[in-house]
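The chain contents come next:
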Amino acid sequence: MIPAAFEYSRATSVDEAISLLAASDGSAKVLAGGHSLLPLMKLRLARPERLIDIGRLDELRGVRQLSSGRVAIGALTTYDELMRSEVIGHYGLMNDALPNIGDVQVRNRGTIGGSVVHVDPASDMPAVLLALGADLLTRSPRGERTIPIGEFMTGPFTSVLEPDELLLEIQIPGGMPGFGSAYRNIEQPASGYSIAGAAAIVGREPGRSGPWDVISIAITGVGEIPYRATAVEEALRGGASPAEASAHASDGQTVNSDIHADAIYRAHVATVQVRRALETAIERASEG
Amino acid sequence: MAIDVLGAPVKRVEDQRLIQGEGNYLDDIKLASMVHMAILRSPYAHANIKSIDTSAAKSMPGVLAVFTGADIPYNPLPMAWPAGGSAGIQNNINMPRVLATDSVKWTGEGVAAVVAETAEQAFDAREAIHVQWEPLPTVVEVEDAIKDGAPQLHENAPNNTVFVWTVGDKDGTAAAIDSAEVVVKRRIVNQRLIPNSMEGRGDIGWYNPGTDEYTVWMSSQTPHIQRLLLTAFVTGIPEHKVRCISPDIGGAFGSKIFCYADMALVMFASKAIGGKPVKWVETRRENYQSTIHGRDHVTWLEIAGNRDGEISAIRVKTLANLGGRLSTVGPGIPTTLYARVLSGCYKIPNVFAEVTGVYTNTTFVDAYRGAGRPEATYVVERAMDLFAKEIGMDPAAIRRKNFIAPDAFPYENPSGLGTASGGAKIYIDSGNYEPALNRALVMSGYLDADKAKAEAKSRGKLLGFGLSSYIEVCGVAPSKWIGAVGEGWGAAMWESSNIKVHLTGKVIVTMGTQPQGQGHETTFAQVVSHELGVPMEDVIVQHSDTQGTPFGYGSYGSRSGSVGSHAAVKAAAKIREKARRYAAHMLEASPDDIEIDGANYSVRGSPDKVKTIQEIAFALDLGFSLPDGMEPYLDETVYHDTENCTWPFGTHVAVVEIDEETGAVELSKYVAVDDVGKKINPMIVDGQLHGGIAQGVGQALWEGAVYGGDGQLLSGSMLDYAVPRASWFPKLELDETVTPSPVNPLGVKGVGEAGAIASTAAVANAVADALSPLGISHVDMPLTPARVWGAMQAAKGGQA
């Protein structure tokens with residue numbers, strides 16, 4: 001397992017990383033935790049001419065509260081750092097999802113930004129971030145832009161990220177009283193990726209009863225890319241129970257099939273994960 | 001007096017280096033001027049090679065040579081164990097060449113090799129080799145391969161058939177089945193597995209032009225056998241010109257027993273480039289495609305008996321997938337090592353098996369932990385449960401009813417062990433099966449199964465108990481059996497040991513067998529320390545180098561403890577005998593009057609007249625004063641064969657919970673009561689059981705090599721092939737009964753494969769038990785959530 005030859009540059013600043021990217025005219029890849037990129041390179045399925053190592057850009061690392069009340073997660077923040085973050089600890093679905101990502105070594109090296117830009121169809125974090133309505137802050141020689149994650153992912157392993165554009169941070173809503181969230185999945189045991197995973201968030205003003213103000217469901221492992229399960233959300237808004245609504249988990253999707261699970265099973269088990277995530281989210285919302 | 005360490009849970013002495021990163025594995029070896037080899041492998045599962053253009057690769061930076069099959073004058077690899085040997089069974093043999101010449105039969109068969117200054121350069125140049133292929137139709141499943149009109153792999157093997165081999169009484173079994181009250185029939189699949197040793201394979205070949213000799217370092221379980229096969233059969237190089245060395249080995253599970261093309265290739269390459277050492281180390285992907293796979297049977301089983309649960313017959317028809325060409329002993333595994341123990345620990349009077357070996361466009365199949373015996377155990381243990389369910393009998397009760405009785409040993413089973421050709425008389429030497437079953441039932445909570453099932457049901461879980469009562473054939477030795485014409489592999493299987501007590505009283509033991517992580521350096525030191533009365537820390541065990549160790553057959557078949565250790569026991573006895581005679585000389589007494597107590601040799605009746613073995617060794621090794629006819633030095637070698645195999649047994653119980661909504665199976669409890677006879681080191685025995693159980697559970701729940709119809713290995717990496725992880729297991733609860741083997745003085749049996757033999761069936765039976773309220777009697781492995789849920793849906797559909 002030896003990759004094809006490549007050049008290596010270590011960026012000392014975000015701007016340097018971007019100018020290196022711009023100078024390489026699409027033939028370079030950014031190296032962060034390396035847990036998706038390096039295996040592809042070793043199999044020679046990816047052959048970048050240059051790696052731009054951003055691993056030491058500390059300004060891209062860590063979780064901070066923004067003055068707007070939103071929370072910004074640096075693209076280089078590892079899963080392990082997220083698990084240790086007090087701020088992230090308030091998000092039920094993050095607490096559910098993070099310990100199930102890879103193993104200790106993967107969580108020590110793998111970064112949330114790397115997962116987002118890789119757009120693996122069965123990755124857990126994109127579903128969590130989709131449910132949260134995350135925005136992605138990027139920078140290129142043309143300046144910064146903010147891209148809602150739902151518009152960022154365009155297909156398996158593809159996104160709107162330009163070759164000279166770097167993901168800086170991921171912004172998610174701050175934790176709010178009256179909200180509850182959960183993530184439930186069933187994993188393909190070899191890879192640990194989800195056969196089906198569901199992130200659910202429900203919320204309303206504390207003390208109020210009746211319909212939810214916020215309902216957000218996202219699913220991974222089932223479709224071409226992780227997606228918002230709008231049909232489930234609409235059914236819930238229309239008064240359906242979690243069990244009834246979850247039947248719409250894969251509406252409109254071409255459901256994946258592979259040696260581990262055929263499309264019929266995937267579609268079924270997606271409904272189970274959606275219902276379980278919803279039930280837990282509702283329970284957590286009720287607990288305040 | 002040295003402490004007697006035999007039977008003590010002594011910590012493994014090799015772990016000092018193996019656990020602390022100080023081991024010396026194949027890829028750790030770096031020799032001066034060493035260069036590197038990469039092998040180009042076929043991307044097609046079945047294709048003709050029209051041409052190979054190596055010119056571009058030869059001009060790449062650092063490249064020293066590029067070889068194709070046409071460059072290599074060696075013979076194909078040897079076939080050491082045709083099914084039935086020359087006993088009238090036609091074997092249509094096709095062996096791999098060192099590099100394929102005309103055609104390839106599986107994805108991953110080697111077609112060219114590059115030698116370069118660095119591994120990176122070799123990998124780069126490999127991409128520049130251009131092969132013109134003519135792809136051919138493929139077939140990967142055994143049932144498809146034997147059909148008329150299927151793609152044919154070899155001209156000499158019509159319908160892709162390697163052999164059709166039978167054992168047992170065909171007519172008697174047919175009569176018993178025809179007249180039985182109850183017959184249960186079932187097709188079951190024992191899926192293909194990938195061995196997944198943590199360290200892959202690799203070799204370094206070095207041709208020394210100064211001496212015209214070769215040294216080959218190899219990650220192999222069998223360096224002595226490989227020297228024999230590589231010289232006498234493959235290369236024609238004289239045996240005394242080749243030295244084979246196995247360094248530390250990071251697991252093997254059978255996959256490193258065999259003669260592989262790369263071993264000969266590094267020898268050829270080193271000589272061709274003028275004598276620089278050539279290293280080849282496989283990648284994990286190569287390991288998956290080009291090192292052997294295991295299992296892969298499709299079996300139609302029939303089990304017959306009466307409504308009281310007495311089993312009268314078992315009959316199987318098995319198709320064994322052997323891959324695109326044969327591995328070294330591929331045909332021996334699904335024949336002798338499988339069907340001769342098909343009746344397991346039961347007194348089943350009629351047994352008949354017909355096994356067809358089949359070529360397909362897949363990687364070759366050979367011995368994987370248990371080798372044939374897990375397949376047999378899976379068949380008979382699933383069959384017992386299917387039969388019990390059919391007549392409404394408790395699975396524990398039907399086992400108890402059919403166990404071979406404790407007073408029936410030695411027992412000759414009806415699938416031919418006792419009548420194997422060549423005059424061998426192999427029988428099951430000992431056993432007492434019921435106590436282990438009873439203990440396992442108590443430990444597992446089996447007696448309260450209904451309560452546990454009701455409690456689980458209230459949580460949305462289907463709970464099941466699964467039993468597996470097994471026997472293992474260990475100590476695969478007796479040469480009269482395994483070497484018999486028509487039965488085994490045409491060679492002996494004794495073991496060897498040399499013991500030297502040096503001047504300072506320190507002891508060096510060299511063994512013909514060798515370890516892949518089992519702790520031989522500890523185990524054999526315990527045995528020799530016990531036998532000679534010297535402290536264990538004064539004993540060192542050496543192995544794995546054909547220069548300086550006596551010939552041995554290597555480590556597999558759970559044989560090193562039961563066969564190898566007795567070579568050491570006998571060598572120690574010879575040491576003691578010579579020491580006794582020399583003590584008599586020193587003490588001016590008759591040898592008959594010398595009493596031995598541990599390390600002390602004293603004159604009977606005069607305990608103050610005593611010499612220790614260290615004092616004896618000092619004087620005898622110097623040899624200034626010797627009795628007439630005695631040679632100096634305490635140095636003895638023994639070649640030891642056995643009279644019979646050893647027969648561990650036990651009962652394992654698995655408890656599983658199935659999520660009714662997702663079909664996900666969780667192993668919630670695992671109990672194993674094993675009888676491996678006396679234990680030399682109980683901690684090592686427990687470790688072997690833990691690993692074996694995990695591997696067997698892996699087959700039941702997670703593992704499976706899957707090919708696409710085009711012969712591409714879809715489970716081609718650890719992203720798609722699920723190797724079990726420790727966190728997926730409950731605490732394994734172990735207990736024992738002890739029935740010493742009567743076959744050998746230590747009373748040991750062997751344990752390397754027991755866990756893997758028993759646990760697969762235990763878990764599969766537990767899943768079937770959990771699903772039985774839905775009317776499901778069997779689901780093929782691996783029991784993934786998708787498969788289990790699919791079976792549940794099908795059953796519900798059937799009810800509607």
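How each quantity is defined
- Residues numbered from 1 in each chain as written.
- Chains lettered and ligands numbered in written order.
- Predicted model: local features only at pLDDT ≥ 70, side-chain atom pairs only at ≥ 80, totals over all residues.
- Helix = DSSP H or I, 4+ residues; strand = E, 2+ residues; numbered from the N terminus.
- Rg over C-alpha atoms; globule rule 2.2 N^0.38 Å.
- Buried ≥ 20, exposed ≤ 12 C-beta atoms within 10 Å, placed from the backbone.
- Contact = placed C-beta atoms within 7 Å.
- Domains from an automatic or database assignment.
- Nonpolar A, V, L, I, M, F, W, Y, C, P; charged D, E, K, R; others polar.
- Pairing = 2+ DSSP bridges.
- Axes fitted to C-alpha atoms, helices over the stretch in contact; angles between N-to-C directions.
- Left-handed = near helix turned anticlockwise from the far one by under 90°.
- Core = buried A, V, L, I, M, F, W, Y, C linked by C-beta atoms within 7 Å.
- Parallel < 35°, antiparallel > 145°, perpendicular 65-115°, else oblique.
- pLDDT = per-residue confidence, 0-100.

The secondary structure content of chain A amounts to 11 helices and 14 strands. The C-alpha radius of gyration computed for chain A amounts to 19 Å, which stays within 12% of the reference 19 Å derived for 288 residues, consistent with globular compactness. Summarising its shape, the C-alpha atoms of chain A cover approximately 60 × 45 × 35 Å along the three principal directions. Relative to its 288 residues, chain A shows a buried fraction of 51%. Within chain A, counting contacts between residues at least 6 apart in sequence, those at least 24 apart form 65% of the total.

A count of helices and strands for chain B gives 20 helices and 26 strands. A compact globule built from 800 residues would reach a C-alpha radius of gyration of about 28 Å, and chain B, at 27 Å, matches this within 12%. Referenced to the eigenvectors of the C-alpha coordinate spread, the extents of chain B come out at roughly 95 × 75 × 50 Å. Per-residue burial for chain B yields a buried fraction of 60% across its 800 residues. Nonlocal contacts in chain B, meaning residues at least 24 apart in sequence, comprise 80% of its contacts between residues at least 6 apart.

All names here are of chain B. Split into domains, chain B comes out as domain 1 (31-132 + 196-290), domain 2 (294-478 + 644-799) and domain 3 (494-640). Each of domain 2 and domain 3 has a C-alpha centre, and the two are 40 Å apart. Contact with domain 2, which involves 20 residues of that partner, is made by 17 residues of domain 3. Its residues placed into classes, the side of domain 2 that touches domain 3 shows 10 nonpolar, 7 polar and 3 charged.

Let's shift gears to the interface of chain A and chain B. Facing 15 residues of chain A, the contacting portion of chain B comprises 23 residues. Taken together, the residues of the side of chain A that touches chain B sort by class into 11 nonpolar, 3 polar and 1 charged.

Let us now look at the sheet that holds strand β14 (residues 311-323) of chain B. Residue and element names in this part refer to chain B. The 5 strands are arranged β7-β15-β14-β13-β8 in an open sheet whose pairing can be described as mixed. Each edge of the open sheet is held by one strand with a lone partner, namely β7 (161-168) and β8 (182-193). Sheet twist, expressed as the mean angle between neighbouring strand axes with direction ignored, is 10°. Direction of pairing for β14 relative to strand β15 (residues 350-359): parallel, over a ladder of 10 bridges. Its bridge partner lying in β15, lysine 317 is registered against glutamate 354.

Here the focus is the pairing of strand β17 (residues 495-501) of chain B. All names here are of chain B. In terms of residue burial, β17 counts as a mostly covered element, since 6 of its 7 residues are buried. Judged from the 7 bridges that link them, β17 and strand β23 (residues 634-640) form a sheet pairing that is antiparallel. Paired with glutamate 495 across the bridge in β23 is histidine 640. Looking at chain direction, β17 and strand β18 (residues 507-511) are connected through 5 bridges and run antiparallel. Each bridged residue has a counterpart across the sheet, and for valine 501 the counterpart in β18 is valine 507.

Of note, threonine 215 of chain B is situated in strand β10 (residues 213-218). Here threonine 215 of chain B is in contact with Trp206, Arg243 and Ile245 of chain B, once residues within four sequence places are set aside.

For the rest of this paragraph, the subject is the sheet that holds strand β4 (residues 103-104) of chain B. Strand order in the open sheet formed by 3 strands is β4-β2-β6 (chain B), and the pairing between neighbours is antiparallel. Among the strands making up the open sheet, the edge pair consists of β4 and β6 (130-135) of chain B.

Let us look at the packing of helix α15 (residues 520-532) of chain B against helix α16 (residues 560-587) of chain B. All names here are of chain B. One can describe the packing of α15 onto α16 by two numbers: an axis separation of 9 Å at closest approach and a directional angle of 35°. Both α15 and α16 take part in a crossing whose hand is right-handed. Contact residues: His520, Thr523, Phe524, Val527, Val528, Glu531 and Leu532 in α15; Ser560, Gly561, Ser565, Ala568, Val569, Ala572, Ile575 and Arg576 in α16. Across the contact of α15 with α16, the residue classes tally to 8 nonpolar, 5 polar and 2 charged.

Residue and element names in this part refer to chain A. Looking at chain A, the domain boundaries give domain 1 (7-53), domain 2 (58-172) and domain 3 (179-287). Of note, the centres of domain 1 and domain 2, computed from C-alpha atoms alone, are 18 Å apart. Residue-level contacts link 12 residues of domain 1 with 18 residues of domain 2. Considering every element that reaches the side of domain 1 that touches domain 2, the biggest residue donor is helix α1 (residues 14-23), with 5 residues. Residues of the side of domain 1 that touches domain 2, tallied by class, amount to 7 nonpolar, 5 polar and no charged.

This part covers the pairing of strand β11 (residues 179-187) of chain A. All names here are of chain A. In terms of residue burial, β11 counts as a mostly covered element, since 9 of its 9 residues are buried. Side chains of β11 alternate between two faces, with Phe179, Ser181, Tyr183, Asn185 and Glu187 and Gly180, Ala182, Arg184 and Ile186 buried alike. Taken together, the 9 bridges between β11 and strand β12 (residues 194-203) define a ladder with antiparallel strand orientation. Its bridge partner being in β12, asparagine 185 is matched across the sheet by glycine 197.

Before going further, it helps to spend a moment on the nonpolar core. Ala200 and Ile219 of chain A together with Val767 of chain B are the most contacted members of the largest nonpolar core, which has 306 residues in total. If one sorts the elements of this core by residue count, helix α19 (residues 754-771) of chain B sits on top with 13 residues. Counting 37 residues, the second-largest nonpolar core is a separate cluster that includes Ile499, Met536, Val541 and Val569 of chain B.

All names here are of chain B. Here the bond from phenylalanine 409 into proline 410 is cis, since omega is -5°, no more than 30 degrees from zero. In this structure, proline 410 sits in the loop between α11 (395-402) and α12 (433-444). At asparagine 160, a position not held by glycine, the phi torsion is positive, near 55°. Here asparagine 160 shows up in the loop between α4 (142-145) and β7. The phi dihedral of glutamate 588 is positive, around 55°, even though this residue is not glycine.

Attention now goes to the packing of helix α10 (residues 373-391) of chain B against α19 of chain B. Residue and element names in this part refer to chain B. Two numbers describe how α10 lies on α19: the axes approach to 8 Å, and their chain directions differ by 30°. As the angle between them shows, α10 and α19 are arranged roughly parallel. When you trace α10 past α19, the crossing you get is right-handed. Touching Arg373, Pro374, Thr377, Tyr378, Glu381, Arg382 and Asp385 of α10 are Ala756, Ile757, Ala758, Thr760, Ala761, Ala764, Asn765 and Ala768, all from α19.

Residues and elements named next belong to chain A. Within the element layout of this structure, valine 106 appears in helix α5 (residues 104-109). With 28 residues separating them in the primary sequence, valine 106 and threonine 78 have C-alpha atoms 9.0 Å apart. Setting aside chain neighbours within four positions, we find valine 106 in contact with His35 and Ile101.

Let's shift gears to the environment of isoleucine 575 of chain B. Residues and elements named next belong to chain B. Along the chain, isoleucine 575 turns up in helix α16. Under the C-beta neighbour-count criterion, isoleucine 575 is labelled buried, with 24 such atoms within 10 Å. Each C-alpha atom, one on isoleucine 575 and one on serine 625, is 18 Å from the other, the two residues being 50 residues apart in sequence. With near-sequence residues (within four places) excluded, isoleucine 575 lies in contact with Ile499, Val501, Leu532, Leu634 and Glu636.

Moving on, we get to the confidence of the model for chain B. On average, residues of chain B score 95 in pLDDT, and 98% of them are at 70 or above. Both scores are given for the predicted complex: the pTM is 0.96, the ipTM 0.95.

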